[in-house]
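# Inside the fold
Listed here are the chains, written in short residue letters.
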Amino acid sequence: MIRDQETMNTLLSSVSRFVRERLVPAEEIVAETDEIPEDIVRDMKEIGLFGLTIPENYGGLGLTMEEESLVMFEMGKTSPAFRSLFGTTVGIGSQGILMDGSSEQKEKYLPRLATGEIIASFALTEPEAGSDAASLRTTAVRDGDHYVVNGTKRYITNAPHAGIFTLMARTNPQDKGAGGVSAFIVEADTPGITIGKYDKKMGHRGAHTADVIFENCRVPAANIIGGVEGKGFKTAMKVLEKGRIHIAAIAVGVAERMLDDALKYAVDRKQFNQRIADFQLVQAMLADSKAEVYAAKCMVIDAAQRRDRGENVSTEASCCKMFATEMCGRVADRAVQIFGGAGYMSEYGIERFYRDVRLFRIYEGSTQIQQIVIARNMIKECG
């Protein structure tokens, strides 16, 4: 749902120009230094990227799912590290508070998240619990007006920069399933929290992940999201469902960028006294990529519009995440092939995208998890 087309066009134009003029020229710097320059971070905050999905009454832009997807199509046309910096705040880091938090929790945290004053991080994955989120071992034991949290979270995006963590922990040790999990807002400067060293990753340089260790960390009982135990897993699933459409939109944007780069190279590059774009086998790779990008884009818009109408989009969100991220991987592979030897060299950047997009098929629910979700929903509906 697009609420005001003129306003939306202005926003998309601003984001597109920012990506083109500020972010794309900085891609190589970020890749080399593993850091996003502070002036770029400041500009990202000023144009409202940290508040895209936070309601206007809390200082954000309050984008609908369709509007958010359109913005992500544009943000995908540069290094995914830039989106990652604010992605956890507009997505899985803040949406649990927005969806299930109390009015006090929303008033306290959402305005600061919207401006980028603080960054939200989502602490779910553990050394022994990733896709099987219901089996997490981090515990939160009630002690008067606090919960005492112990456990380790792994691969937590933006952990080194977070101001708050949306933490999933087990509050009922007798309930070994999803019903024993609760969600908490944990401020990053709370005693008992240790952030591990930056993970060394295949790609996504400039986007930082690390372990978060909780050792007898005392969290106020008032910080349990929604004020009720046992609802954390449901909150996480609602947040991840929305996030899957978001990631699918990013995958579409990145695929468009890679295809555009490959097309321009094919038109410029000559072999056998003609452009390689004139070779039918190269044309086939370009055409297949174009068709798949188009299909994924249509899926994302449809799922986003359905969600905006209030429909249950569990299946559609998983379809988007699965198809768009797998598609992005195929486009990356074809793009490297079109570039040939140059595609294997760092100076052209396509090899960086090739490594970066591999993560899309893993985080926020791997392809295999999406397959399970889709099939189980189909079977349930067949009933």
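As a reminder, the structure under discussion sits directly above these lines.
## Regarding the overall build of the protein chain
For the protein chain, the count of helices and strands is twelve helices and nine strands. At 21 Å, the protein chain has a C-alpha radius of gyration in line with the 21 Å of a compact globule built from 383 residues. Oriented by its inertia axes, the alpha-carbon framework of the protein chain measures out at about 80 × 55 × 45 Å. Residues counted as buried form 53% of the 383 residues belonging to the protein chain. The contacts of the protein chain with a sequence gap of at least 6 include a subset with a gap of at least 24, amounting to 75%. As displayed, the protein chain has an accessible area near 17200 Å², and 51% of this comes from carbon and sulfur atoms. Within the protein chain, one finds 46 positive and 52 negative side-chain charges whose respective centroids are separated by 3 Å.

## Brief notes about the pairing of strand 2 (residues 139-143)
In the sheet, strand 2 pairs with strand 3 (residues 146-157) via five bridges, with the strands oriented antiparallel. Of the residues in strand 3, the one forming a bridge with valine 141 is valine 148. The hairpin turn running from strand 2 into strand 3, its antiparallel successor, is two residues long, and glycine 144 in that turn takes a positive phi close to 65°.

## Digging into the nonpolar core
One broad trend across soluble globular proteins is that nonpolar side chains are buried collectively. Core analysis: the largest hydrophobic core is formed by 72 residues, its most contacted members being Met44, Val71, Met75, Phe82, Phe86 and Met258. Elements with a contribution of two residues or more to this core: helix 1 (5-23), helix 3 (38-46), helix 4 (65-75), helix 5 (80-90), helix 8 (232-268), helix 9 (280-308), helix 10 (314-339) and helix 11 (350-356). Per-element accounting of this core gives the leading share, 14 residues, to helix 8. Listed in part, the 23 residues of the second largest apolar core include Tyr58, Phe122, Leu136 and Ala183.

## Considering a nonpolar patch on the surface
A contiguous nonpolar surface patch, about 380 Å² in accessible area, is contributed by Tyr344, Met345 and Tyr348. Its location among the elements puts methionine 345 in the loop between helix 10 and helix 11.

## Quick look at the pattern of salt bridges
Enumeration over the complete set of coordinates arrives at 26 salt bridges. Between lysine 242 and glutamate 68 there is a salt bridge, with its nearest N and O atoms 2.5 Å apart. In this pair, lysine 242 is assigned in helix 8 and glutamate 68 in helix 4, connecting sequence segments 174 residues apart. Accessibility expressed as a relative area gives 1% for glutamate 68, which makes it buried. In this structure, lysine 297 and glutamate 256 form a salt bridge, with 2.9 Å as the shortest nitrogen-oxygen distance. You can see lysine 297 sitting in helix 9 and its partner glutamate 256 sitting in helix 8, a full 41 residues away along the chain. By sharing partners, the salt bridges in this structure join Glu27, Glu28, Arg257, Asp261 and Arg352 into a single network.

## Some points on the environment of lysine 108
Its location among the elements puts lysine 108 in helix 7 (residues 103-114). In this structure the C-alpha to C-alpha distance between lysine 108 and leucine 124, which are 16 residues apart in sequence, comes to 22 Å.

## Section: the packing of aromatic side chains
By the definition in use, this model includes eight aromatic pairs. Centroid distance tyrosine 265 to phenylalanine 339: 4.3 Å. Interplanar angle 20°. Geometry classified as stacked. Taken together, the positions of tyrosine 265 in helix 8 and phenylalanine 339 in helix 10 put the pair 74 residues apart, joining distant regions of the chain. For the pair tyrosine 265 and phenylalanine 339, one class covers both residues: buried. Linked through ring pairs, Tyr265, Phe339 and Tyr348 together constitute an aromatic cluster. Seen from the ring of phenylalanine 73, lysine 297 lies directly overhead, with NZ or CZ sitting 5.1 Å from the centre. The ring of phenylalanine 353 has arginine 352 lying over it, and the distance from NZ or CZ to the ring centre is 5.2 Å.

## Let's talk about the environment of leucine 286
Within the secondary structure, leucine 286 sits in helix 9. Residues leucine 286 and lysine 106, spaced 180 residues apart in sequence, show a C-alpha to C-alpha distance of 47 Å. Those residues in contact with leucine 286 that sit more than four places away from it in its chain are Leu259, Ala262, Leu263 and Ile338.

## Observations regarding helix 12 (residues 367-382)
Its 16 residues place the ends of helix 12 23 Å apart at the C-alpha level, agreeing with the 22 Å of an ideal helix rising 1.5 Å per residue. The set of residues buried in helix 12 consists of Thr367, Gln370, Val373, Ile374 and Asn377. Viewed end-on, helix 12 has its buried residues packed into an arc of 120°, placing them on one side of the element. Opposite the packed face of helix 12, turned more than 90 degrees from it, sit the exposed residues Arg376, Ile379, Lys380 and Cys382.

## What about empty space enclosed by the protein?
Taken as a whole and assessed by the stated rule, the structure comprises one cavity of 30 Å³ or more. For the largest cavity, the calculated volume is near 40 Å³. In terms of residue count, helix 8 provides more of the lining of the largest cavity than any other element does, four residues in total. Of the residues assigned to the lining of the largest cavity, the class counts are two nonpolar, four polar and two charged.

## Here we look at helix 5
When you tally the buried positions in helix 5, you get eleven out of eleven residues, the bulk of the element. Taken as a whole, helix 5 has its buried residues at Pro80, Ala81, Phe82, Arg83, Ser84, Leu85, Phe86, Gly87, Thr88, Thr89 and Val90.

What counts and what doesn't
Residue positions within a chain follow its written sequence, with the count starting from 1. Owing to the predicted nature of the model, reporting of local features is limited to residues with pLDDT of at least 70; listing and counting of side-chain atom pairs is limited to 80 or more, with chain, interface and lining totals taken over all residues. Excluded from the side-chain calculation are hydrogens and water; included are all heavy atoms of the structure. Helix and strand assignments follow DSSP, with helices taken as H or I runs no shorter than four residues and strands as E runs no shorter than two, numbered in order from the N terminus. Throughout, the radius of gyration refers to the C-alpha atoms, and the reference size of a globule is 2.2 Å times the residue count to the power 0.38. Type-normalised accessible area, obtained with a 1.4 Å probe on protein chains alone, sets the label of each residue: buried when under 20%, exposed when over 50%, and partly exposed for intermediate values. In what follows, a contact means two residues having at least one pair of non-hydrogen atoms within 4.5 Å. All accessibility values rest on the Shrake-Rupley procedure with a 1.4 Å probe; residue burial counts only the protein chains present in the view. Only four residue types enter the charge count: Lys and Arg as positive, Asp and Glu as negative, with His and the chain ends excluded. By convention, the point assigned to a charge is CZ for Arg, NZ for Lys, CD for Glu and CG for Asp. DSSP-based pairing: two strands are paired if at least 2 bridges between them are found. What we call a nonpolar core is a set of buried Ala, Val, Leu, Ile, Met, Phe, Trp, Tyr and Cys residues that are connected through their side-chain atoms within 4.5 Å. What makes a patch is a set of residues exposed beyond 30% relative accessible area and free of salt bridges, joined within 9 Å when like-charged and within 5 Å when nonpolar (Val, Leu, Ile, Met, Phe, Trp, Tyr). Put simply, a salt bridge is a Lys or Arg side-chain nitrogen that is within 4 Å of an Asp or Glu carboxyl oxygen. A pair of aromatic rings is counted whenever rings of Phe, Tyr or Trp (Trp by its six-membered ring) have centres within 6.5 Å, and the orientation is called stacked for planes under 30 degrees apart, edge-to-face for over 60 and tilted otherwise. The criterion for a charge sitting over a ring is simple: Lys NZ or Arg CZ within 6 Å of the ring centre, and within 35 degrees of the ring normal. Working rule for helices: expected span equals 1.5 Å times residues minus one. Of all possible arcs, the one meant is that of the directions from the helix axis to the C-beta atoms. Think of a 1 Å grid over just the protein atoms. A cavity is a set of points where a 1.4 Å probe fits yet cannot get out, a pocket is an open set with protein on both sides within 12 Å along at least five of seven lines, and lining residues have an atom within 4 Å of a point. Grid points are joined across faces, edges and corners, and a volume is the space filled by probe spheres set on the points. Charged means Asp, Glu, Lys or Arg here, nonpolar means Ala, Val, Leu, Ile, Met, Phe, Trp, Tyr, Cys or Pro, and polar covers whatever is left, Gly included.

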